[in-house]
Amino acid sequence: MTETTALDWFDAGSRVLEGARTPDLFPPLDDAHAQRAWLAGFAGAWAERSGDEAAEDALVAALEGRPALLRQLWDRGPGKIARSWS
């Protein structure tokens, strides 16, 4: 098995926003680096599309059935995540 890179997670986040929902497209729990890369891909894809859905609403919908992952992303908080990217 090959190592999943930040770019792979970025792509996976984009694909989830576009509607893909296979288990391998979601970052593992307790892996901050993978989760940040995934969230960056998700947010980037959200920013490129036109629509009225808030990013938070899109994230909640995409993570339906994955409450632990949603909770970890929420616990990191948008400000904490943004600071970790800089």
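Here, the structure is the one placed above.
On a predicted model such as this, the values are computed, not experimentally measured, just so you know.

(A) Geometry of the packing of helix α2 (residues 32-48) against helix α3 (residues 55-62). Axis separation between α2 and α3 bottoms out at 11 Å; the angle between their running directions is 125°. On the basis of their axis angle, the class for α2 and α3 is oblique. Note on packing geometry: the crossing formed by α2 with α3 is right-handed. Residue-level contacts link Trp-38, Leu-39, Phe-42 and Trp-46 of α2 to Ala-55, Ala-58, Leu-59 and Ala-62 of α3. Class assignment for the residues of the contact of α2 with α3 results in 8 nonpolar, no polar and no charged.

(B) Molecular detail of α2. Its 17 residues place the ends of α2 24 Å apart at the C-alpha level, agreeing with the 24 Å of an ideal helix rising 1.5 Å per residue. When we look at burial in α2, the residues that qualify are Ala-34, Gln-35, Arg-36, Ala-37, Trp-38, Leu-39, Gly-41, Phe-42 and Ala-45.

(C) Inspection of the packing of α3 against helix α4 (residues 67-76) at higher detail. Contact pair α3 / α4: the axes reach a minimum separation of 9 Å and the direction vectors enclose 150°. With respect to α4, the axis of α3 lies roughly antiparallel. Counted together, Glu-56, Leu-59 and Val-60 of α3 and Leu-70, Leu-73 and Trp-74 of α4 form the full contact between these two elements. Broken down by class, the residue content of the contact of α3 with α4 amounts to 5 nonpolar, no polar and 1 charged.

About the criteria used
- Residues numbered from 1 in each chain as written.
- Predicted model: local features only at pLDDT ≥ 70, side-chain atom pairs only at ≥ 80, totals over all residues.
- Heavy atoms only, no water.
- Axes fitted to C-alpha atoms, helices over the stretch in contact; angles between N-to-C directions.
- Helix = DSSP H or I, 4+ residues; strand = E, 2+ residues; numbered from the N terminus.
- Parallel < 35°, antiparallel > 145°, perpendicular 65-115°, else oblique.
- Left-handed = near helix turned anticlockwise from the far one by under 90°.
- Contact = heavy atoms within 4.5 Å.
- Nonpolar A, V, L, I, M, F, W, Y, C, P; charged D, E, K, R; others polar.
- Expected span 1.5 Å × (residues − 1).
- Buried < 20%, exposed > 50% of the residue type's maximum accessible area, 1.4 Å probe, protein only.

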